[in-house]
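These are the residues of each chain, in order.
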Amino acid sequence: MRDVFIVEAKRTPQVKSGADIKDYPVPHLGIGLLKNIMDVTSLPPDAIDEVILGNTGAPPKYPNIGRIVALEAGLPQTISGYCTHRNCASGMEAASQGWLKVASGRSDLIFAGGIESMSQMPLIFGKEMTELFANVMRAKSMQDKVLALKAFRPQHLAPIIAIEQGLTDPFCSINMGQTAEILAREFGITRQDQDEYANRSHHRATAATKEGKFDDEIVPLIIGKKFDRILRHDIGPREKSTVEGLGKLKPFFEKKSGTVTVANSCPITDGGSMLLLASEDAVNKYNLKPMARMVDYHFHGLEPERMGLGPAISSHHLLKKLGMTLDQMDLIEFNEAFAAQVIACKKVMADPSISKRWGINEKIGDLDDDKLNVNGGAIALGHPVGSTGSRLIVTLAHELKRRGGKYGLASLCIGGGQGGAVVIENL
Amino acid sequence: MSFQKLSYEVKDNIAHIGFGYNSESSMTVLDEDTLLELNEALEEVKKGEGAGIKGLIFFSHIPRVFLAGADIKMIQKLNTEVEATSGAEKGQELYNKIDDLSIPTVACVDGFCLGGGLELALSCDHIIASDDSGTKFAVPEVKLGLLPGFGGTYRLPKKISLPGALDMILTGRMIDAKKAKKLGLVTEIFPKENLVKVASRYFKKGAGTKKRSSPMDALKENLEHMASENFLSRKLIFQKAREGVLKKTKGFYHAPLKILDVMEQGASKGRSSYLALEAQGFGELCVTEQSKNLIHIFFMHENSKKYDGAKGEGSVLKVKRGAVVGAGTMGGGIAWLFANNGQSPILKDLNNDALELGLKQSSANFSGALKRRKMSKAEYERKQLSISPQLGFDGFNSVDLVIEAVVEDMKIKKLVFGELENHVRDDCLLTSNTSSLSVTEMAKGLKKPERFAGLHFFNPVNRMPLVEIITHDKVAPETVEALYKWCVKVGKTPIVVGDGPGFLVNRILMPFLNEAAYLLEEGVHPEELDQACLNFGMPMGACRLMDEIGIDVLVKVGKIMEEGLGPRARACGISKAAFDSGLLGKKTSKGFYLYDAKGKPGDLNSEIEKFLPNMGSKNMDETSIQMRVFLPMINEAARILSDGIVSKASVVDLGLIFGTGFPPFRGGLLKYADSEGLDRITGALERFASEVNEDRYSPAPLLKNLVAEKKKFYDI
């Protein structure tokens, strides 16, 4: 296998759904990033081998949005583009596929990333209504059409909200929030623990924004109804967040006795992220200056109802595979789907008596708060599902560079009961 | 008979007449020979009518042009009204032959179908069109001061509704195949490869009875049709159309009014009387000075699309991507131009506010197009978002053309270019959108001055077609050629101008505005002054124009002019006084006039009495006012020619028409001077020199020479 380098890593500002970019033309969450990286690197457009983008719910008018982004960004039509879908890890899946292609020598330069506009995830009509429409369309005469329409019942109009269905596990039929409730109960994680964790995420994120720590990784968006304003910062992190304030919210998923609220979970969000992966040959040929090396990746499965432990499990297996330990990681980015879920991971990783339930008989390691999500996480920054997997790598690469650290770990839990992890090395 | 200019063939009992053989240029036109052969071909068809021939198809052998109309050079040769009238009559007879055939006739239109070409198609039973985006229909005669004289005014309102026909004929507007089908002009649209193949469908009995797209459309059309048939409503339609024309043209243009006369009188008449009226109208318009002027401008504009300047040995760069440095109103406008032409620009400035100002400008232009349905929402998003607003130089080595539009300050501009040189490729073109600074001076600090030139746009960029390419002694011809070709590509009208104060347009505009200021100082009322300019045909009066430009800019530029040109350009004290009063014009909502929040002009601003104490004290007749402001422009243009700033009179005229809106029907400033008589103009200047001011009015030496040699500006 060849070395795989991360040449550039960029992301858009992340904006909570329904806010400033709720109507943004979705492909443009990726186009600007790709164009910016082309500008920064001065690569000839035909040098690119492929564009791979994570995405889980683009509006139907953008099928295979990976290809749309490649074309609209001005890459030659000969360059292929496609999408990956691994729920929350779709962007990480894109990066992993890019990694495999470059490492195996099939490709030299790949754009891998993810985009998601959760604001624009579609409403879907039920199967009955869809069939009715199809029958009406098929009907040849007016009479046939009327006959077809007679089958209509008002309840057919009840829409299925794609986002809601996407966040419910089809295997165990429980909502993602309920998986977090299960972990909170099983590991004795209190409401206070979760709110404190969430509060810290907000303060870390707003501090990082203020200090300009995200400036290098963010490519601004042109926003507004008339596209005449420039957005440079995330919209979501709350500077004035307090534990008391967070404590006032009612539990959302288990209304009567639960501890998981919308405020100690990640908000649904719009955003995009993009990595340029390159082989050593490409780095030399085009005189590129890589930021980092993508060392390897790993995905691992577990019970869907405990999907929140995915990071603990997948990180362990990746480190094992690489012959490394958690201590060697100078920086760790765990996606904060739910505060409860991150705290649960921490507990599993620190205690082999717990982790043995998943066949891990040794201590994985202590998650050090000074290394974990140092600039805040998804609870503040949001979780644009298709993008987060690659967004974590973007943020990790930049912070690792700033700190002059060596290794970094990015990991997330995946709806459906999986975890994904990536290790990178700062150069 | 053998045909050279067109093809004639009978295949499977169907006669095919094909155009596209008569022209070396890309556009097929109906010249004399083609019309003669067409007549021959139609005689052949008539012979076979009822015997072997069961239908007639017109088509074009070359893609994207069916017929681009009658040869304008042929029209130019018509010297008298009688000649022109009979010319139209001959065309009408020819088209009547098509109309009178008993067999079905179909015009297969792919590409341009204009003027006489559309009139031919209208003589057929059916027009079917290709789905190519280049398929366009228009009767643009009005733009040349003419009317469609081959039966167009008669057949178009019969084919589509009267209001629809009036709109097309009075505006000369181009419509695409889709719109043409909606109007009922086109029977059906097909892929262009299938066009001729499917034409025979329309020869079957009862085929092609028009299908309405919807009951609502049908109702609307019926109502319109009924309205045109009804005498009273017809009168109303014409009355409204006439009001519209007068409002739009201020009555300066003869052709639209003549068109209305012909169509209104013709409406109640049969074919032969209607066509006689049309031919007569064509004859009258054809010999007018106005039509000749408009045709002159048409050719001038056409010629300007080809670069005919000096050529170099090296290759000429094709601009694919641009960058704009300085994101103000102009910078945003130029970014819009790049974006609108798919050249995804970088827009660079030093801070976010400036960038947003530029984006606002570009977005305003795009939303205008969106509102007028000239652009789809998706296209709007794609184009506006193709702009990369940024603070740094990322991507500058991928651009082919940088246009600098920062503040008008030589020191800052030099700094900007010094920095730019470190970030762009060696072959990248560097330009400055300066309106007043010396590009020769700007070129001095550059490592590679040969790839640098001035590129002066006019405000607003989306509406003003002119671009001045300013040269200097070190510029490479390849640079000028590349810039010229880029301008044409993005739909602008470029002129090549030598360096000097105000370049071409502003240098000529300055004496106009300066004299206006002197007239105000003498006591002429601003509204009378503006009215005199409007009555001459200018798009706005001098005071309105000063408000539009901004008094602060005028004072600044005035100073540069005075330094560069000497006493004849001495700025009138009024502008300084206006500047001191803080009434800077539209930008401050107060100038000579008051402006509302949207920038719409209202009443005269009473505060101007502060610096015009004797306002309105002097009565001057309109012609005198006009002479006082327009003669110095002609005088300055003469000096520009002798200074070698531009090479010929037509460049001056092109510049003023497309850069200031100088009335096109006058043919341009120097065409106008030529037609008025240079001796008279020089005489008047001499009179003003002794009566008003010697410095400002003494005739230029070139003018005197021309008078002595009995030559015109256009003879140089």
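Please read these numbers as outputs of a predicted model, since none were measured by experiment.

What counts and what doesn't
Residues numbered from 1 in each chain as written. Chains lettered and ligands numbered in written order. Predicted model: local features only at pLDDT ≥ 70, side-chain atom pairs only at ≥ 80, totals over all residues. Heavy atoms only, no water. Helix = DSSP H or I, 4+ residues; strand = E, 2+ residues; numbered from the N terminus. Rg over C-alpha atoms; globule rule 2.2 N^0.38 Å. Buried < 20%, exposed > 50% of the residue type's maximum accessible area, 1.4 Å probe, protein only. Contact = heavy atoms within 4.5 Å. Areas by Shrake-Rupley, 256 points an atom, 1.4 Å probe, with all protein chains shown as cover. Lys, Arg positive; Asp, Glu negative; His and termini not counted. Charge placed at Lys NZ, Arg CZ, Asp CG, Glu CD. Core = buried A, V, L, I, M, F, W, Y, C linked by side-chain atoms within 4.5 Å. Domains from an automatic or database assignment. Pairing = 2+ DSSP bridges. Right-handed = clockwise from strand over helix to strand, strands pointing away. Salt bridge = Lys/Arg side-chain N within 4 Å of Asp/Glu carboxyl O. Buried area = accessible area lost by both parts, 1.4 Å probe. Polar contact = N/O pair within 3.5 Å; in protein donor to acceptor, adjacent residues only side chain to side chain. Nonpolar A, V, L, I, M, F, W, Y, C, P; charged D, E, K, R; others polar. pLDDT = per-residue confidence, 0-100. Axes fitted to C-alpha atoms, helices over the stretch in contact; angles between N-to-C directions. Parallel < 35°, antiparallel > 145°, perpendicular 65-115°, else oblique.

**Looking at the overall build of chain A**
- Each helix and strand in chain A was counted, giving 15 helices and 14 strands.
- A compact globule built from 427 residues would reach a C-alpha radius of gyration of about 22 Å, and chain A, at 22 Å, matches this within 12%.
- Across its three principal axes, chain A shows a C-alpha extent of roughly 75 × 55 × 45 Å.
- For chain A, the proportion of its 427 residues judged to be buried stands at 59%.
- Long-range pairs, those at least 24 residues apart, make up 80% of the contacts in chain A with a sequence separation of at least 6.
- Here chain A has roughly 17200 Å² of accessible surface; of this, 53% comes from carbon and sulfur atoms.
- A distance of 5 Å separates the average location of the 50 positive side-chain charges in chain A from that of its 49 negative side-chain charges.

**Some remarks on the nonpolar core**
All names here are of chain B.
- If you look at the biggest cluster of nonpolar residues, it comprises 106 residues, and the most contacted ones within it are Val402, Leu420, Phe512, Leu529, Phe592 and Phe713.
- Of the residues forming this core, the biggest block, 11 residues, is contributed by helix α20 (residues 505-522).
- Counting contributing residues, this core receives three or more from each of domain 2 (322-497) and domain 3 (505-715).
- Leave out the neighbours within four places in its chain, and leucine 529 touches Ala516, Leu519, Leu520, Val524, Ala542, Cys543, Ile625 and Val629.

**Digging into the pairing of strand β20 (residues 601-604) of chain B**
Residues and elements named next belong to chain B.
- Where strand β19 (residues 593-595) lies against β20, 2 bridges are found, and the strand directions are antiparallel. Counted as the bridge partner of tyrosine 593 is leucine 604 from β20.
- Hairpin remark: β19 followed by β20, antiparallel, with 5 residues in the connecting loop; positive phi at glycine 599, about 85 degrees.

**A look at the pairing of strand β16 (residues 452-457) of chain B**
All names here are of chain B.
- With 6 of its 6 residues buried, β16 lies for the most part within the structure.
- Taken together, the 3 bridges between strand β15 (residues 429-432) and β16 define a ladder with parallel strand orientation. Among the inter-strand pairings, serine 432 is bridged to a residue of β16, identified as glycine 454.
- With helix α18 (residues 439-444) bridging β15 and its parallel neighbour β16, the resulting β-α-β unit is right-handed.
- The sheet contact formed by β16 and strand β17 (residues 466-470) spans 4 bridges and is antiparallel.

**Observations concerning the pattern of salt bridges**
- If you walk through the whole model with that rule in mind, you get 66 salt bridges over all chains.
- We note a salt bridge from Asp296(A) to Lys321(A), for which the minimum N-O separation is 3.5 Å. You can see Asp296(A) sitting in strand β11 (residues 292-301) and its partner Lys321(A) sitting in helix α11 (residues 310-322), a full 25 residues away along the chain.
- When its relative accessible area of 9% is taken as the criterion, Asp296(A) is described as buried.
- As a salt-bridge pair, Glu188(B) and Lys181(B) come within 3.6 Å of each other at their nearest N and O atoms.
- The class of Lys181(B) is partly exposed, set by a relative accessible area of 36%.

**Digging into the interface of chain A and chain B**
- With 17 residues of chain A at the contact, the number on the chain B side is 24 residues.
- In total, about 1700 Å² of surface goes out of reach between chain A and chain B, with carbon and sulfur atoms giving 51% of it.
- For the chain A face of the interface with chain B, the top three residues by lost area are Asp39(A), Phe227(A) and Ile230(A), together amounting to 31%.
- The interface formed by chain A and chain B holds 2 salt bridges in total.
- Between Asp39(A) and Arg321(B) there is a salt bridge, with the nearest N and O atoms lying 2.7 Å from each other.
- Where chain A packs against chain B, one counts 10 residue pairs in polar contact (both at pLDDT 80 or more).
- Going through the elements one at a time, α1 (28-41) and β9 (229-231) of chain A are the ones with two or more residues in the side of chain A that touches chain B.
- Counting residues per element, the side of chain A that touches chain B draws most heavily on α1(A), at 5 residues.
- Partitioned by chemical class, the residues of the side of chain A that touches chain B number 6 nonpolar, 3 polar and 8 charged.

**Description of the confidence of the model for chain B**
- Averaged over every residue, the pLDDT of chain B is 93; the share at 70 or more is 96%.
- Interface confidence for the predicted complex, expressed as ipTM, amounts to 0.88; the pTM equals 0.90.

**Some thoughts on the sheet that holds strand β13 (residues 388-390) of chain B**
Residue and element names in this part refer to chain B.
- Spatial ordering of the open sheet is given by β13-β12-β11-β14-β15-β16-β17-β18, a layout of 8 strands whose pairing is mixed. Taken across any chain shown, the strands that pair with only one partner, and hence form the sheet edges, are β13 and β18 (493-497). Strand-to-strand, the axes of this sheet are offset by a mean angle of 25 degrees, without reference to chain direction.
- Here strand β14 (residues 401-404) runs beside β15; their pairing, made up of 4 bridges, is parallel. Bridged to isoleucine 403 within β15 is threonine 431.
- Across the sheet, helix α14 (residues 329-340) touches β11 (322-325), β12 (346-348), β14 and β16, and the angle it forms with β11 is around 175 degrees.
- The strands touched by helix α15 (residues 352-371) are β12 and β13; relative to β12, the strand with the most contacts, the crossing angle is about 135 degrees.

**What to know about the packing of helix α21 (residues 526-536) of chain B against helix α22 (residues 542-549) of chain B**
Residues and elements named next belong to chain B.
- Across the interface, α21 lies against α22 with an axial gap of 7 Å and an inter-helix angle of 95 degrees. As the angle between them shows, α21 and α22 are arranged roughly perpendicular. Counted together, Pro526, Leu529, Asp530 and Cys533 of α21 and Ala542, Cys543 and Arg544 of α22 form the full contact between these two elements.
- The residue inventory of the contact of α21 with α22, partitioned by class, reads 5 nonpolar, no polar and 2 charged.

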